[in-house]
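These are the residues of each chain, in order.
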Amino acid sequence: MQELHDAPLAPLTTFRLGGPATRLVTATTDAEVIAAVREADDSGTPLLLIGGGSNLVIGDKGFDGTALHIATRGFSLDGTTLELAAGEIWTDAVARTVEAGLAGVECLAGIPGSAGATPIQNVGAYGQEVSATITEVTAYDRRSRETVALSNADCAFSYRHSRFKADPERYVVLRVRFELEDAGGLSAPLRYAETARALGVEAGDRVPLTAARETVLKLRAGKGMVLDPEDHDTWSAGSFFTNPILTDEQFAAFRSRVAERLGDTVEPPAFPAGDGRVKTSAAWLIDKAGFTKGYGTGPARISTKHTLALTNRGEATTEDLLALAREVVAGVHDAFGVTLVNEPVTVGVSL
C-alpha cells in the first residue's frame, strides 16, 4: 500500500483539476482498502474515495484528509457471470466481455472510470444502465464495520442514483457482479435510437457485439466522450448535468416557457419517466438557452463537440470550471425555469 503526503490529486481526475490531499493512499487489494478506511474512521480523519476520477470535481484547495485511491484489480468470468474488482478500468472490462461474446454492457463502452463507480452512479448510456445487469455488490459497510453483499434490489437503483449515492459515507464498493447474456455473439436489443440509426437497424434489433461496441465508441468520440490526453474536449467529466425529470405540471410550465422563447411550433424533448413524470434533455436546454458548443472565452469552456460537457482547456482552475457551470445553470433557469443538477461529485466546493 503506497502512501504519499501533500500529494496532487489533479492527475487522478479526468478534469485534471483540484489541489493536493494531506495524505494519499493507494490500495491494490480489498484488505488494503478496508484497512485504510478503518484507519481513517478510527482516527476521525476525513476520507475521500477515488477510483477512475471521472466523476470528481475537487476544489483548488485540495482535500484536508486521506484520499484513498482504489486500484484493485480482478476480472472473473464464469459462464455468463462477471465479477469485477472495484478498481478495474471499466472500458477495458467492457471490451473483454465483448471479446467473450457476452451481451449486456456493450453500449457502455468508452465510459471512463472504474468498475466500482458503476453501481454508485447507476452508470448508463446509449440505452443501457448497469442496474439491468448487476446482481450483487460487495461492499465494506463503515457503519457495521463488516463486508456485506447487497442484491440488485438492495442497491435501490434509479436514474443516475443508488443506495450508495444516497448514503455516500456508508459504503465502500469492493466488487461488482453482473449477469450477462450469451446471445450467440449478438448484442442486447438496441434501445437507443441514435445507435440503431448509426447501425442501419431498428430500435429493438440485435447486432453483432463488436459492431455495437465500435459504433458506441465512434459516437462517443464524436462528442469528445472518449478520453484522449491530446484532446482538451475530453478533459471533462463527461455529461456535467443530468437530464431533468419533471412532474407533468412542471413540464407543462416548461413547455409554455419554450413557446414564449422559441415559438409555438417548437416542442422540447420529452421521454416518459414513470409516476407521472417526464424526462427532458439537459443538452437541448443548454443549447437553446444560448450556451452552444465551444461557449466561453476562458480556460474552462463548453466542449466544442457536446454542450453537456464542461472542459478544462489546459490551464483552468476548479473555480474557473464552477463559474462556467453556475453561468449555465443560471442561464437555463432564467430561460426555461428548469434547474440543472450537476452529475459529478463535488469535493470541498459546490455550485
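The structure presented is a predicted model; accordingly, all values stated were derived computationally and were not measured. (Residues numbered from 1 in each chain as written. Predicted model: local features only at pLDDT ≥ 70, side-chain atom pairs only at ≥ 80, totals over all residues. Heavy atoms only, no water.)

### Some points on the packing of aromatic side chains
Note the following rule: Working definition: rings of Phe, Tyr and Trp (its six-membered ring) pair if their centres are within 6.5 Å, and the pair is stacked with planes under 30 degrees apart, edge-to-face with planes over 60 apart, and tilted otherwise. Under the DSSP-based scheme used, a helix requires at least four consecutive residues in state H or I and a strand at least two consecutive residues in state E, with every element numbered from the N terminus. Working definition: with a 1.4 Å probe on protein chains only, accessible area under 20% of the residue-type maximum means buried, over 50% means exposed, and in between means partly exposed.
Applying the stated rule across the entire model yields ten aromatic pairs. Between the aromatic rings of phenylalanine 251 and phenylalanine 254, the centroid separation amounts to 5.7 Å while the plane-to-plane angle is 65°, which identifies the pairing as edge-to-face. Of this pair, phenylalanine 251 and phenylalanine 254 both sit in helix 7 (residues 248-262), three residues apart, which is roughly one turn of the helix. Across the pair, exposure class does not vary: phenylalanine 251 and phenylalanine 254 are buried alike. Ring geometry for tryptophan 284 against phenylalanine 336: centres 5.9 Å apart, planes inclined by 40°, an arrangement best described as tilted.

### Focus: the sheet that holds strand 13 (residues 245-247)
The condition is simple: At least two bridges found by DSSP between two strands are what make those strands a pair. Here the axes come from fitting lines to C-alpha atoms, over the contacting stretch only for helices, and the angles between their N-to-C directions go from 0 to 180 degrees. We call two residues in contact whenever any of their non-hydrogen atoms come within 4.5 Å of each other.
Taken together, three strands build an open sheet; the order of strands is 13-15-14 and the sheet is antiparallel. Pairing within the sheet leaves two strands with one partner each, and these edge strands are strand 13 and strand 14 (271-274). Averaged over neighbouring strand pairs, the angle between their axes works out to 40° when direction is ignored. The pairing of strand 13 with strand 15 (residues 277-279) spans three bridges and is antiparallel. Looking at strand 15, one finds that threonine 247 is bridged to arginine 277. Where helix 7 meets the sheet, it contacts strand 13 and strand 15, and its direction lies at approximately 100° from that of strand 13.

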